[in-house]
Amino acid sequence: MPEIHVVRKDNRSLYEKYFDPYYRLRHDIYVKQRKWMDLDRPDGREIDQFDTEDAVYLFCIDNGQLIGAMRAVPTVLPTLMSDIFPYLNLRGPVQRPDVYELSRIFVIPERRGEHAGPRVDLLLLTAIMEYGISIGLTGFSIVLETWWLPRFEKCGWKAKPLGVPHMMDGMAVMAVLVDCDETTWKSLCTQIGLKRPTLTWQGLEEVSRQALPDIFLHLPPAVQPAQ
């Protein structure tokens, strides 16, 4: 099973070797594959103004290789939704200490889908829900392509639209707010048959965390992930 590591400013020094591959993977996926040409950089590394020391990263690592990742930024700080796409949120900016914005969610092509081993996308969605519960979050804001919504529905994520879709570069994009709660986390753990918490908190022993519900001794038999 791949490991998902929490990377914050407190322990970033332990993961420095992964950041160059991480930014290059982002360039490959978002510029070369998805054709978001505004993100193109001559050095082949996709980095933006939200990659600050306050950003939190989840790195999915398998046998020393980075195979997936996700970024979370406190909404009390500048975010994609507040600074780049404010018109997507008809309710006004989300600026709450209990809500983080998620972005740059990806899995490398060869590890996508249920035929490539454990579902890395579901692992990441489970992991960020676990992270949110651990630090007391109640929700995640996201600017996303609308094709994410059926995926969220199938896996149990509850996404509430904050506005209407807009077309960008031939894709429908919208803003949503996702509930972060124990029910969703428990459902995801059941879907992928987890026997223990998802996250590795290497070097973060001093970070204050809430206890997770003790569900692992009481989980029903694993079910197949929704297709």
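Values in this document were obtained by computation on a predicted structure and should not be read as measured data. By convention here, each chain's residues receive numbers from 1 onward along its written sequence. Whole-chain, interface and lining totals are the exception, using all residues; otherwise, since this is a predicted model, local features are given only for residues with pLDDT of at least 70 and side-chain atom pairs are given and counted only at 80 or more. To obtain the side-chain values, all non-hydrogen atoms of the structure were included, while hydrogens and water were left out.

J.: Would you take a moment to explain the side chain of Asn11 for this structure?
T.: Checked against the element boundaries, Asn11 lands in the loop between strand E1 (3-7) and helix H1 (16-33). As used in this structure description, the phrase polar contact means that two N or O atoms lie within 3.5 Å; if the pair is within protein, one of them must be able to donate a hydrogen and the other to accept it, and residues adjacent in sequence are counted only when both atoms belong to side chains. Polar contacts involving the side chain of Asn11 include one to the main-chain carbonyl oxygen of Val6, which spans 2.9 Å. What makes two residues a contact is simply this: any of their non-hydrogen atoms within 4.5 Å. Look past the residues within four positions of Asn11 in its chain and what remains in contact with it is Val6, Gln202, Gly203 and Leu204. The way it works is that DSSP assigns letters per residue, a run of H or I at least four long becomes a helix, a run of E at least two long becomes a strand, and they are numbered from the N terminus.

J.: Help me understand the pattern of salt bridges, please; the structure alone is not making it clear to me.
T.: Working definition: two side chains of opposite charge can pair if their charged atoms are close together. We count a salt bridge whenever a side-chain nitrogen from Lys or Arg sits within 4 Å of a carboxyl oxygen from Asp or Glu. Tallying each qualifying case throughout the model produces 20 salt bridges. One salt bridge connects Arg41 with Asp43, and the closest N-O pair in it is separated by 2.9 Å. Only protein chains enter the accessibility calculation, which uses a 1.4 Å probe; a residue is then buried when its area is under 20% of its type maximum, exposed when over 50%, and partly exposed in between. Overall, the relative accessible area of 29% leaves Arg41 in the partly exposed class. Among the charged side chains, a network of salt bridges with common partners joins Arg26, Glu46, Asp48, Asp51, Arg71 and Arg104.

J.: Help me understand the packing of helix H3 (residues 120-135) against helix H5 (residues 182-192) in this model?
T.: In a pair of packed helices, the angle between the axes and the distance between the axes together describe the arrangement. Where H3 meets H5, the closest approach of the two axes is 9 Å, and the angle between their N-to-C directions is 145°. In this structure, the crossing between H3 and H5 has a hand that is left-handed. Contacts between H3 and H5 involve Leu122, Leu123, Leu125, Thr126, Met129, Glu130 and Ile133 from the former and Glu182, Thr184, Trp185, Leu188, Cys189 and Ile192 from the latter. Along the lines of polarity and charge, the residues of the contact of H3 with H5 split into nine nonpolar, two polar and two charged. Whenever a helix is involved, its axis is fitted only over the stretch in contact; in every case the axis is a line through C-alpha atoms, and angles between N-to-C directions fall within 0 to 180 degrees. Crossings are sorted by hand: turned counterclockwise from the far helix by less than a right angle, the near helix makes the crossing left-handed, and turned clockwise it makes it right-handed. Under the grouping applied here, Gly and all other residues not named as nonpolar or charged are polar, the nonpolar ones being Ala, Val, Leu, Ile, Met, Phe, Trp, Tyr, Cys and Pro and the charged ones Asp, Glu, Lys and Arg.

J.: What is the right way to look at the pairing of E1 in this model?
T.: Residues in a regular strand project their side chains so that they alternate between the two faces of the sheet. Among the five residues in E1, four count as buried, and that is most of the element. Any two strands with at least two DSSP bridges between them are considered paired. Both E1 and strand E2 (residues 56-62) contribute to a ladder of five bridges, which runs antiparallel. Within the sheet, the bridge partner assigned to His5 lies in E2 and is Phe59. As judged from the two bridges shared by E1 and strand E9 (residues 199-200), these two strands associate in the parallel manner. Counted as the bridge partner of His5 is Thr200 from E9.

J.: Honestly, the packing of aromatic side chains in this entry has me stumped. Any pointers?
T.: Both the distance between ring centres and the angle between the ring planes are used here to describe each pair of aromatic rings. Here a Phe, Tyr or Trp ring, Trp counted by its six-membered ring, pairs with any other such ring whose centre lies within 6.5 Å, and the pair is stacked when the planes are under 30 degrees apart, edge-to-face when over 60, and tilted otherwise. With the rule as written, the count across this model stands at 17 aromatic pairs. Ring geometry for Phe85 versus Tyr87: centroids 6.3 Å apart, planes at 80°, classification edge-to-face. Judged by relative accessible area, Tyr87 falls into the partly exposed class, the value being 41%. Taken together, the aromatic side chains of Tyr15, Tyr18, Phe19, Tyr22, Tyr23, Tyr57, Phe59 and Phe106 make up a single cluster linked through ring pairs. Two limits define a charge over a ring: the Lys NZ or Arg CZ must be within 6 Å of the ring centre, and within 35 degrees of the ring normal. Across from the ring centre of Tyr30, 5.3 Å away, lies the NZ or CZ of Arg104, which sits over that ring. Here Arg209 stacks its cationic end above the ring of Trp201, 4.1 Å away from the centre of that ring.

J.: I keep staring at the nonpolar core and nothing clicks. Help me out?
T.: Counting 64 residues, the largest nonpolar core has Tyr22, Leu58, Phe59, Leu102, Ile128, Phe140 and Trp157 as the members making the most contacts within it. Ranked by the residues each element gives to this core, the list is headed by H3, at ten residues. Setting aside residues up to four positions removed in sequence, Leu58 forms contacts with Ile4, His5, Val6, Gly68, Ala69, Met70, Leu124, Ala127, Ile128 and Leu199. Core analysis: the next-biggest nonpolar cluster, separate from the first, contains 13 residues, Phe85, Val99, Val173 and Leu177 among them. Within this scheme, the nonpolar core is defined by two criteria: the residues are buried Ala, Val, Leu, Ile, Met, Phe, Trp, Tyr or Cys, and they are joined through side-chain atoms within 4.5 Å.

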